[in-house]
Amino acid sequence: MDRFELMKARHSVRRYLDKPLSAEAVGALNEEIAACNEESGLHIQLVTNEPEAFQAEKPEYGKIRGCRNYLALVGPKGVDERIGYFGEKVVLKAQELGVNSCWVALTYKKGKADVRVAPGEKLYMVIALGYGETQGSPRKSKSAAEVSDCREGDPEWYHAGIEAALLAPTAVNQQKFRFERNGEKVKAKAGLGFYSKVDLGIVKYHFELGAEKDGGVWE
Ligand SMILES: Cc1cc2nc3c(=O)[nH]c(=O)nc-3n(C[C@H](O)[C@H](O)[C@H](O)COP(=O)(O)O)c2cc1C
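Residues numbered from 1 in each chain as written. Predicted model: local features only at pLDDT ≥ 70, side-chain atom pairs only at ≥ 80, totals over all residues.

### Here's the deal with the packing of helix α5 (residues 156–166) against helix α6 (residues 196–211)
Part 1 of the argument: Following both chains from N to C, one finds α5 and α6 inclined at 140°, their axes separated by 7 Å at the closest point. The angle between α5 and α6 falls in the class oblique. As α5 packs across α6, the resulting crossing turns out to be right-handed. Of the residues in α6, those in contact with Trp157, Tyr158, Ala160, Gly161, Glu163, Ala164 and Ala165 of α5 are Val203, His206, Phe207, Leu209, Gly210 and Ala211.
Part 2 of the argument: The class makeup of the residues in the contact of α5 with α6 is nine nonpolar, three polar and one charged. (Axes fitted to C-alpha atoms, helices over the stretch in contact; angles between N-to-C directions. Helix = DSSP H or I, 4+ residues; strand = E, 2+ residues; numbered from the N terminus. Parallel < 35°, antiparallel > 145°, perpendicular 65-115°, else oblique. Left-handed = near helix turned anticlockwise from the far one by under 90°. Contact = placed C-beta atoms within 7 Å. Nonpolar A, V, L, I, M, F, W, Y, C, P; charged D, E, K, R; others polar.)

### Digging into α6
An α-helical turn contains 3.6 residues, so any two residues separated by three or four positions project in the same direction.
Part 1 of the argument: Helix length check: α6 (16 residues) gives 22 Å between terminal C-alpha atoms against 22 Å at 1.5 Å per residue, within 8%.
Part 2 of the argument: Burial runs high along α6: 15 of the 16 residues are buried.
Part 3 of the argument: Of the residues trailing α6, glutamate 212 is marked for its positive phi of about 55°. (Expected span 1.5 Å × (residues − 1). Buried ≥ 20, exposed ≤ 12 C-beta atoms within 10 Å, placed from the backbone.)

### Re unusual backbone geometry
Part 1 of the argument: Unlike most non-glycine residues, valine 172 shows phi in positive territory, near 40°.
Part 2 of the argument: Structurally, valine 172 can be placed in the loop between α5 and β5 (177–182).
Part 3 of the argument: Within the chain, glutamate 212 stands out as a residue other than glycine whose phi angle is a positive 55°.
Part 4 of the argument: Relative to the helices and strands, glutamate 212 is located in the segment after α6.
Part 5 of the argument: Owing to 13 C-beta atoms within 10 Å, glutamate 212 belongs among the partly exposed residues under this scheme.

### Overview of the nonpolar core
Part 1 of the argument: Counting 59 residues, the largest nonpolar core has Ile44, Tyr70, Leu71, Leu73, Val126, Ile127 and Ala128 as its most contacted members.
Part 2 of the argument: Element by element, the count of residues in this core is highest for α6, at eight residues.
Part 3 of the argument: Of the domains in this structure, domain 1 (3–130) and domain 2 (144–217) are the two that each give at least three residues to this core.
Part 4 of the argument: With residues near it in sequence (within four places) discarded, isoleucine 127 still touches Tyr70, Leu71, Leu73, Gly87, Val91, Ser101, Cys102, Trp103 and Val104. (Core = buried A, V, L, I, M, F, W, Y, C linked by C-beta atoms within 7 Å. Domains from an automatic or database assignment.)

Written as structure tokens, this is what we have:
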């Protein structure tokens, strides 16, 4: 699957089938997580077969049903953006493996799961993982002009980066981020909102993937 097909195929999925993750998916996810943790200093953990995590009743916002697997996003305090960036990297790996997902800041209960949080670390949030009843569906999106200074005649990579960022999940679909280009460099800013720093990391990962740039693109 090409990178845009992959990003377009990902939607938040909140109802899951009663079907365990395949051994192949678990192996590939753990490999990706280990690489992310190594690079970032985060302590992301995959929890499988834990049916209690999403039982909390919060009907007003995205109750997750039937999900037994999740990523616990653990890391040192004050690294929200990094949590977003690497969490989304694992989300897109999952999508590639046919595993659906949903970022979950609310409605999660630790239950009996053995999530390890070392002194000085915290559990930021989780990402539900599993095989969805459906693949989810596209939602409303802001336009490129609403989230950036892009104009006709800008380099193709800049347009591609913004298009990719608009496909990224953000808390309550707020899309409160902004990109501004200065030659080959881009400034990315988080707006005010819940979890907007986590969102910023998520959209920066998408931008890099869409633009085919690495972290050197950021001003
Ligand atoms: C940081 C963050 C926290 C989120 N928290 C929740 C949540 O607690 N419950 C939920 O149902 N969805 C949650 N979401 C999913 C968003 O509602 C969803 O990404 C957004 O509506 C866009 O839809 P899409 O992911 O299908 O593109 C969260 C997303 C992000 C990025």
